[in-house]
Amino acid sequence: MRRAVYPGSFDPITLGHIDIIDRALNLFDELVVAVVRNPSKNALFSLEERQDIIGRVLPGRDRLKVATFSGLLVKFVEAQGAHAIVKGLRAVSDFDFEFQMSLLNRQLNPRIDTVFLMTQDRYAFLSSSSVREIASLGGSVNQMVPPLVEERLRERFGLSEPGRGQTVDRE
Ligand code: PNS
């Protein structure tokens, strides 16, 4: 059984993440999407909300499990009986940091490999932080996240309809 772990903050999950999940499911028998409890980051959605949203936007993927973790990623991967970490790469700018992390993780456990999957070009500039910023300013994120996430963002930022709240400043 080839099991892999796809870790991240997923605050919130985007179409770019979902693309990586679907590609990883083509390569592995089972995939554990692992939502990190990261106390140093000020998350928009709680750990439980992020886990719940992921479960709801990925129905019917029976080889997929959604879990949460804290502490060292390699320890979680070991505990899951997995041997691979899946990471998405967007622009070259991701590479330096991801390269460092994968080497550190390999030092911590040489039996766990990191597998990098290239995003589709249409998601190359997509990130959860830009989605949060655009939504907070009333912009439409419907090309970037599933409808449920868009709805949750609107609720969180107190916006009623997609695109409403967009204003043009005139000075
Ligand atoms: O979506 P993100 O915020 O880029 O995900 C970052 C994540 C969760 C992959 C990273 O913070 C992580 O691996 N955290 C676990 C802590 C750990 O194992 N650190 C040592 C690896 S260098």
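This text follows the structure it describes.
The following paragraphs examine the structure supplied in this document. (Residues numbered from 1 in each chain as written. Predicted model: local features only at pLDDT ≥ 70, side-chain atom pairs only at ≥ 80, totals over all residues. Heavy atoms only, no water.)

Taken together, 13 residues surround the ligand, and among them Gly8, Ser9, Lys41, Leu73 and Asn105 come closest. Residue Ser9 places a side-chain N or O atom 2.5 Å away from an oxygen atom belonging to the ligand. The contact in question runs from an oxygen atom of the ligand to an N or O atom on the backbone of Leu73, over 2.8 Å. Protein chains bury 73% of the 560 Å² of accessible surface belonging to the ligand in isolation. (Near = heavy atom within 4 Å. Polar contact = N/O pair within 3.5 Å; in protein donor to acceptor, adjacent residues only side chain to side chain. Areas by Shrake-Rupley, 256 points an atom, 1.4 Å probe, with all protein chains shown as cover.)

A few words now on helix α2 (residues 47-57). Those residues of α2 that fall on the buried side of the exposure criterion are Leu47, Arg50, Ile53, Ile54 and Val57. One side of α2 carries all its buried residues, which in axial view fall inside an arc of 130°. Buried residues along α2 sit against α1 (15-27), β2 (30-36), β3 (64-69) and α6 (147-157). (Buried < 20%, exposed > 50% of the residue type's maximum accessible area, 1.4 Å probe, protein only. Helix = DSSP H or I, 4+ residues; strand = E, 2+ residues; numbered from the N terminus. Arc of directions from axis to C-beta. Contact = heavy atoms within 4.5 Å.)

Time to look at the pairing of strand β1 (residues 3-8). A regular strand places its side chains on the two faces of the sheet in alternate fashion. Counting buried positions over the six residues of β1 gives five, a clear majority of the element. In this structure, β1 lies alongside β2, joined through six bridges in parallel fashion. Bridged to Val5 within β2 is Val32. Taken together, β1, α1 and β2 constitute a β-α-β crossover, and its handedness is right-handed. Here β1 runs beside strand β4 (residues 84-89); their pairing, made up of two bridges, is parallel. Residue pairing for β4: Ala4 is matched across the bridge by Ala84. (Pairing = 2+ DSSP bridges. Right-handed = clockwise from strand over helix to strand, strands pointing away.)

Counting 31 residues, the largest nonpolar core has Ile13, Ile21, Leu31, Leu58 and Val86 as its most contacted members. Secondary structure elements with two or more residues in this core: β1, α1, β2, α2, β4, α5 (128-136) and α6. In terms of residues, this core owes the most to one element, α1, which gives five residues. Within the second largest apolar cluster, 13 residues are counted, among which are Val36, Val77, Ile85 and Ile112. (Core = buried A, V, L, I, M, F, W, Y, C linked by side-chain atoms within 4.5 Å.)

Here we take up a nonpolar patch on the surface. Residues Val92, Phe95, Phe99 and Leu103 make up a contiguous nonpolar surface patch of roughly 400 Å² in combined accessible area. Within the element layout of this structure, Leu103 appears in helix α4 (residues 95-108). (Patch = residues over 30% accessible without salt bridge, like charges linked within 9 Å, V, L, I, M, F, W, Y side chains within 5 Å. Salt bridge = Lys/Arg side-chain N within 4 Å of Asp/Glu carboxyl O.)

Spatially, the five strands line up as an open sheet ordered β3-β2-β1-β4-β5, and their pairing is parallel. Each edge of the open sheet carries a strand with a single partner, namely β3 and β5 (113-118). The mean inter-strand angle of the sheet, taken between neighbouring strand axes irrespective of direction, is 30°. The strands touched by α1 within the sheet are β1, β2, β3, β4 and β5, with β5 carrying the most contacts at an inclination of about 120°. Sitting on the sheet, α4 is in contact with β4 and β5, with an inclination near 175° to β4. (Axes fitted to C-alpha atoms, helices over the stretch in contact; angles between N-to-C directions.)

To continue, consider the layout of surface pockets. Considering only enclosed or pocket space, the largest pocket measures out at about 1,100 Å³ in volume. Pro7, Gly8, Ser9, Lys41 and Glu98 are, among the 39 residues lining the largest pocket, the residues nearest its centre. Among the elements of the structure, β1, α1, β4, α4 and α5 are those that each provide at least two residues to the lining of the largest pocket. Considering every element that reaches the lining of the largest pocket, the biggest residue donor is α4, with five residues. (1 Å grid on protein atoms, 1.4 Å probe; cavity = no way out; pocket = protein on both sides within 12 Å on 5 of 7 lines; lining within 4 Å. Points joined across faces, edges and corners; volume = space filled by probe spheres on them.)

Looking now at the packing of aromatic side chains. In this structure the tally under the stated criterion is three aromatic pairs. A ring pair is formed by Tyr6 and Phe10, whose centres lie 5.3 Å apart and whose planes are at 80°; its orientation type is edge-to-face. Assessed through its relative accessible area of 4%, Tyr6 is described here as buried. (Phe/Tyr/Trp six-rings, centres within 6.5 Å; stacked < 30°, edge-to-face > 60°.)

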